[in-house]
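What follows is the residue order along each chain.
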Amino acid sequence: MARAAAAKPKAIGTGVLEALRVILPAPGFSAADLRELLPRAEVRRYGAGQVLIHEGEPSDNRVYFLLRGSVSVSIQARFILRLQNPGDSVGEMGLISSAPRSATVTTDAPSRVLIIDASLPGTPKHLHDYKLRYHLGRIFNTILTEKLRATSDRARLYEDMVSHSQRVEGQRRSLEIEIADYLQQISLYSHLVNSANDAILIADTQGHVLNANRALAQRFGIQTDTVLGVDVGTLLAMPQGAPHDWESVAARAREGGWHGEVVLYHQEGGAIPADCSI
């Protein structure tokens, strides 16, 4: 990974004032304010993969503003974030502190960067020093305010995501409870059907047998596996006045059902009278 100093990025003498106007717009910073900062500012171009700031190195009190391109921030070789919006800044602690750099900043793509040198004498000696210190403090406050706003936006987004996740989790748990209740009811109904003394046939909407309980074999000698898929009409003979075709049976069931005597055909050829409820 190339170091910025070794790469000798090209300094740009023109366009610095314009870059300052973009990064520090009016009315926060007047034209006079920018002229005070002009000797401390420069615009440079960097190729991809060049290091602007190296973690652990003594601070040179420079702050970097991205004009074009993108940079990555990493700590202990672990990627933290990528900056790619014009005006994004790195190294802003150099405006107020000479502490060692806390992260490494590397260009991801060819980038154009505005650099402001915030190094000052320990004790201001001239009015210019006081004014420059004041301007640099304002720049730091501007950056801090923007980063706090961005952090607040991300915090709100995260809070919304957590809230949505909690709602989804609550709905999932509610649905699981509802499904468990239905499964318990189905299990209970299945037990009741299988343990009933009356023979029970379960058919689909086309009249084909889907299942039958044990009583069909116990009371009529008809094994369940011999009637699965069979048309109910081939098993039962309806008396006069009773519904005969399956559509009529289904319609009668929707109207409240039907009860009467039918003839149940045995697979061995016999016919057995039986009460039938639909």
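Residues numbered from 1 in each chain as written. Predicted model: local features only at pLDDT ≥ 70, side-chain atom pairs only at ≥ 80, totals over all residues. Heavy atoms only, no water.

Could you give an account of the overall build of the protein chain, naming the residues involved and the relevant values?
For the protein chain, the count of helices and strands is 6 helices and 15 strands. By the burial criterion, 31% of the 278 residues in the protein chain qualify as buried. Long-range contacts, defined here as pairs at least 24 residues apart, represent 63% of the contacts in the protein chain between residues at least 6 apart. When the accessible surface of the protein chain is totalled, it reaches about 17400 Å², and 55% of it is carbon and sulfur. (Helix = DSSP H or I, 4+ residues; strand = E, 2+ residues; numbered from the N terminus. Buried < 20%, exposed > 50% of the residue type's maximum accessible area, 1.4 Å probe, protein only. Contact = heavy atoms within 4.5 Å. Areas by Shrake-Rupley, 256 points an atom, 1.4 Å probe, with all protein chains shown as cover.)

Before we move on, can you summarise the packing of aromatic side chains with the specific residues and values?
Applying the stated criterion across every chain, the model contains 0 aromatic pairs. One residue, R138, lies across the ring of F29, its end atom 4.2 Å from the ring centre. (Phe/Tyr/Trp six-rings, centres within 6.5 Å; stacked < 30°, edge-to-face > 60°. Lys NZ or Arg CZ within 6 Å of the ring centre and 35° of its normal.)

Now, about helix α2 (residues 16-23): what can you tell me, with residues and values included?
Since one α-helical turn is 3.6 residues long, residues separated by three or four positions face the same way. Restricting attention to buried positions, one finds in α2 the residues V16, A19, L20 and I23. The buried side chains of α2 occupy one side of the element, clustering within an arc of 100° when seen end-on. (Arc of directions from axis to C-beta.)

Can you explain the side chain of E92? Please cite residues and give values.
On the secondary structure map, E92 appears in the loop between β8 (89-90) and β9 (104-107). Judged by its relative accessible area of 15%, E92 is buried. When sequence neighbours within four positions are dropped, the list of residues in contact with E92 reads V63, F140, I143 and K147.

Please provide a residue-by-residue account of the nonpolar core, values included.
Counting 22 residues, the largest nonpolar core has L114 and I139 as the members making the most contacts within it. Of all the elements in the fold, those that place two or more residues in this core are α2, α3 (31-37), β3 (41-46), β5 (62-68), β10 (111-117) and α4 (127-195). Broken down by element, the residue count for this core peaks at 5 residues, all from α4. If we ignore the near neighbours within four places in the chain, the residues touching L114 are V16, A19, L20, I23, A41, E42, V43, V63, Y64, F65 and L67. (Core = buried A, V, L, I, M, F, W, Y, C linked by side-chain atoms within 4.5 Å.)

Talk me through unusual backbone geometry; I want residue IDs and the actual numbers.
Notably, N61 is not glycine yet its phi reads approximately 60°, a positive angle. If you trace the backbone, N61 turns up in the loop between β4 (50-53) and β5. Even without a glycine there, the phi angle at Q76 is positive, about 55°. One can find Q76 in the loop between β6 (71-75) and β7 (78-83). Taking the relative accessible area as the measure of exposure, Q76 reaches 69% and is therefore exposed.

Go over the environment of A103, please, and point to the residues and values.
Topologically, A103 is positioned in the loop between β8 and β9. The exposure class of A103 is buried, given its relative accessible area of 12%. Each C-alpha atom, one on A103 and one on S74, is 5.8 Å from the other, the two residues being 29 residues apart in sequence. Leaving out residues up to four positions away in the same chain, A103 has contacts with I53, H54, E55, V73, S74 and I75.

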